[in-house]
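Structural overview for review
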Amino acid sequence: MRNVDYLIVGGSAAGTTAAEVIRSRNGEGSITIVTDEEEEYSRVLLPFYSRNKIKREQVFLKTPDWYKQKNIELLKKTKATGLNCADHLITLSDGEEIQYGKLLISIGGRVIRLDAAGSQLENILYFRTLEDTDKVIKAASSAKAGVIVGGGLISLDFATCFKANNVGEVTILVKEPYFWANRLGPDSSKVMVSVLAKNGVKVLTGEEVERFEFEQGRTLFKGPTLNNKVATVVTKSGKRFECGVVGVGIGIKVDLEWIAKAGVKTNRGILTNEYLETNVKDVYAAGDCAEFADVIFGRQHMMGNWANATSQGQAAAKGMVGERTIYETASSYSDSFFEGTYSFIGVTDMAFADEVISRGSVESGKMTQIYIKTIGRWPRGASGPEGNTKRIVGATVINSAGEVAPLTAAVKGKVDVSFLVDKLADTNFDLNQLVN
Ligand SMILES: Cc1cc2nc3c(=O)[nH]c(=O)nc-3n(C[C@H](O)[C@H](O)[C@H](O)COP(=O)(O)OP(=O)(O)OC[C@H]3O[C@@H](n4cnc5c(N)ncnc54)[C@H](O)[C@@H]3O)c2cc1C
């Protein structure tokens, strides 16, 4: 049986960063990364590759030489399937067992598959892996029309990819009453939809897929695709959309079963404390899969962004080599779509905030929403100033990139905005005053 000091399951942002940090602090200990993928690449770069902005070879994270130089063993196309915490053992898909000293689980999330008749037809595609991206580019480059199912981050990546690959008609179908309803207010959503419309992407709300057809009236209920390509999306309201490619982005979930079975506490993700330690000794979690104790907001929190994953990889790695480190950050996630930009900062959850302030207007094409919480109602365990203060806990910023830095700094700095709340809605008020 193989025996390693540091075993890392999942070799992407969190896992690779952790391996690098462990090696920088411990030149001797053995490090093994187990990944079920064939290549190590940056997911963040996949949309750029899909839009022909960068070449395929530019998405890769590290060269084989890097692993050699750092003396980090990389087991590719190998899935961890079982965990025995008492004996410190991980079982792999080929039946081999590895004994670990410290274990980091950094397995990210898997796409949620759409369960509708015909959803196994060819060219109904997802956008999570490099393999997915290769398929999306291939299908999009020969499609006259494309349909995107689900509104949000991935729908924007599909839309920009489809347009960059000359798909003529592009339609996004969302079941919610408006686009990205689970993350944005209605006015922010309108601003985004108008950017999409300007770029030839239509958004239809209140629409759910009923079935996919490969020929008029013919679908597949189960079994292999038999090379049948999707030709039509039929919605529950009876609308029909002819198309050569379908992009599905309806969320991700963490593959928790094998971990929970081993006695590691889970909820939506793998539960950890502020040190990214699970309830089981020597087992850590980091990145998209971790539901960690967030000391800024005083609650368990999951994030889905690259900066968070790498920072958590660093913090967990330090803990694994004996330098226990509290993970504390206010994450922000920014991206562009066509000529638009959007950012999510901190916690943008109405159930957590007490007040949401809107800044900007649909007409100006710029909308920011600022989430405020009164400290008197702050949950136990949260860090911050004592007394009756108001803090910005999060913000969504559409097409006002200059507002991202001061808002992020205000969230991170736990700034008391009690005396400024009335000014925040005024676009003439310079948000830099919050932190200067
Ligand atoms: C198309 C796209 C665009 C994005 N754009 C941005 C962006 O612009 N900015 C941003 O901040 N974030 C972006 N993200 C999100 C970002 O990529 C993720 O937050 C980040 O990759 C999370 O890193 P991670 O290491 O936690 O997990 P992941 O990157 O999901 O990696 C987990 C790895 O573990 C492997 N694995 C899972 N289970 C097992 C197992 N049992 N055994 C072995 N291996 C396993 C997986 O196959 C995967 O390789 C984007 C994501 C996508 C899909």
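Rules of the game
- Residues numbered from 1 in each chain as written.
- Predicted model: local features only at pLDDT ≥ 70, side-chain atom pairs only at ≥ 80, totals over all residues.
- Heavy atoms only, no water.
- Helix = DSSP H or I, 4+ residues; strand = E, 2+ residues; numbered from the N terminus.
- Buried < 20%, exposed > 50% of the residue type's maximum accessible area, 1.4 Å probe, protein only.
- Areas by Shrake-Rupley, 256 points an atom, 1.4 Å probe, with all protein chains shown as cover.
- Lys, Arg positive; Asp, Glu negative; His and termini not counted.
- Charge placed at Lys NZ, Arg CZ, Asp CG, Glu CD.
- Polar contact = N/O pair within 3.5 Å; in protein donor to acceptor, adjacent residues only side chain to side chain.
- Pairing = 2+ DSSP bridges.
- Axes fitted to C-alpha atoms, helices over the stretch in contact; angles between N-to-C directions.
- Contact = heavy atoms within 4.5 Å.
- Near = heavy atom within 4 Å.
- Nonpolar A, V, L, I, M, F, W, Y, C, P; charged D, E, K, R; others polar.
- Domains from an automatic or database assignment.
- Phe/Tyr/Trp six-rings, centres within 6.5 Å; stacked < 30°, edge-to-face > 60°.
- Lys NZ or Arg CZ within 6 Å of the ring centre and 35° of its normal.

What about the overall build of the chain?
A count of helices and strands for the chain gives nine helices and 25 strands. Along the first, second and third principal axes, the C-alpha set of the chain runs to 65 × 60 × 35 Å. Considering the chain as a whole, with its 436 residues, one finds that 54% of them fall into the buried category. When the accessible surface of the chain is split by element, carbon and sulfur atoms take 47% of a total near 19,500 Å². Distance from the positive charge centre (52 side chains) to the negative charge centre (52 side chains) of the chain: 2 Å.

Let's talk about the environment of Asn26
Position of Asn26 among the secondary structure elements: in the loop between helix H1 (13–25) and strand E2 (31–34). The spacing of Asn26 and Val321 is 295 residues in sequence and 7.4 Å in space, taken between C-alpha atoms. A polar contact is formed between the side chain of Asn26 and the backbone nitrogen of Glu28, at a distance of 2.9 Å. Polar side-chain contacts of Asn26 include one of 2.8 Å to the backbone nitrogen of Gly29.

Structural notes on the sheet that holds strand E24 (residues 366–374)
Each strand in a sheet pairs with another by means of backbone hydrogen bonds, the pair being arranged parallel or else antiparallel. In space, the five strands of this open sheet follow the order E21-E22-E25-E24-E23, with antiparallel pairing throughout. Pairing within the sheet leaves two strands with one partner each, and these edge strands are strand E21 (332–337) and strand E23 (355–361). Strand-to-strand, the axes of this sheet are offset by a mean angle of 15°, without reference to chain direction. Of the pairings in the sheet, the one linking E24 to strand E25 (residues 390–398) comprises eight bridges and is antiparallel in character. Within E25, the residue paired with Thr368 across the bridge is Val397. The strands that helix H6 (residues 186–198) touches are E21, strand E22 (340–346), E23, E24 and E25; relative to E24, the one it contacts most, it runs at about 155°. Along the sheet face, helix H9 (residues 404–412) touches E21, E22, E24 and E25 and points at about 150° away from the line of E25.

Section: the site of the ligand
Surrounding the ligand, one finds 33 residues, the nearest of these being Ser12, Asp36, Glu37, Arg43 and Arg128. A distance of 3.2 Å is found between an oxygen atom of the ligand and a backbone nitrogen or oxygen belonging to Asn305. Listing elements by their share of the shell around the ligand, those giving two or more residues are H1, helix H5 (153–164), helix H8 (306–320) and E21. The residue makeup of the shell around the ligand, split by class, is 14 nonpolar, ten polar and nine charged. Formed jointly, the shell around the ligand draws a minimum of three residues from each of two domains, domain 1 (2–109 + 254–320) and domain 2 (124–248).

As for the environment of Gly263
Relative to the elements of secondary structure, Gly263 occurs in the loop between helix H7 (257–260) and strand E17 (270–271). Using a relative accessible area of 40% as the deciding quantity, one classes Gly263 as partly exposed. Considering only alpha carbons, one finds Gly263 and Met367, 104 residues apart in sequence, at a separation of 45 Å. Leave out the neighbours within four places in its chain, and Gly263 touches Asn279 and Val280.

Considering the domain arrangement of the chain
In terms of domain boundaries, the chain breaks down into domain 1 (2–109 + 254–320), domain 2 (124–248) and domain 3 (333–434). One C-alpha centre belongs to domain 1, the other to domain 3, and the line joining them spans 31 Å.

Overview of unusual backbone geometry
Residue Trp180 is not a glycine yet carries a positive backbone phi of 60°. Taking the relative accessible area as the measure of exposure, Trp180 reaches 5% and is therefore buried. One non-glycine residue, Phe338, adopts positive backbone phi at about 50°. Within the secondary structure, Phe338 sits in the loop between E21 and E22. By relative accessible area, which is 25% here, Phe338 ends up partly exposed.

Quick look at the side chain of Ser331
One can find Ser331 in the loop between H8 and E21. In this structure the side chain of Ser331 is engaged in a polar contact, spanning 3.3 Å, whose partner is the side chain of Asn305. In this view, Ser331 contacts Met303, Asn305, Phe344, Ile345 and Gly346; residues no more than four positions away in its chain are not counted.

Structural notes on the side chain of Ser155
Mapped onto the elements of the fold, Ser155 is located in helix H5. Its relative accessible area of 1% is what places Ser155 among the buried residues. Those residues in contact with Ser155, other than ones at most four positions away along the chain, are Ile148, Gly150, Ile172 and Phe179.

Structural notes on the packing of aromatic side chains
As enumerated under the stated definition, the model contains eleven aromatic pairs in all. With a centroid separation of 6.2 Å and 70° between ring planes, the pair formed by Phe179 and Trp180 is classed as edge-to-face. Like Phe179, the residue Trp180 is buried in the burial classification. A ring pair is formed by Phe292 and Tyr327, whose centres lie 5.3 Å apart and whose planes are at 80°; its orientation type is edge-to-face. Of this pair, Phe292 sits in strand E19 (residues 290–294) while Tyr327 sits in the loop between H8 and E21; the two residues are 35 residues apart in sequence, bridging distant segments of the chain. Among the aromatic residues, those joined into a cluster by ring pairs are Phe179, Trp180, Tyr333, Phe337, Tyr342 and Phe344. Across from the ring centre of Phe344, 4.0 Å away, lies the NZ or CZ of Arg183, which sits over that ring.

Topic: the pairing of strand E13 (residues 232–235)
Residues in a regular strand project their side chains so that they alternate between the two faces of the sheet. Of the two faces of E13, the one lined by Thr232 and Val234 and the one lined by Val233 and Thr235 are each fully buried. In the sheet, strand E12 (residues 209–213) pairs with E13 via four bridges, with the strands oriented antiparallel. Residue Glu213 lies in a different strand from E13, and its bridge partner there is Thr232. Note that E13 and strand E14 (residues 240–242) share three bridges and pair antiparallel. Within E14, the position partnered with Val233 by the bridge is Phe241. Once E13 ends, the chain turns through four residues before running back antiparallel as E14, passing Gly238 with a positive phi of about 95°.

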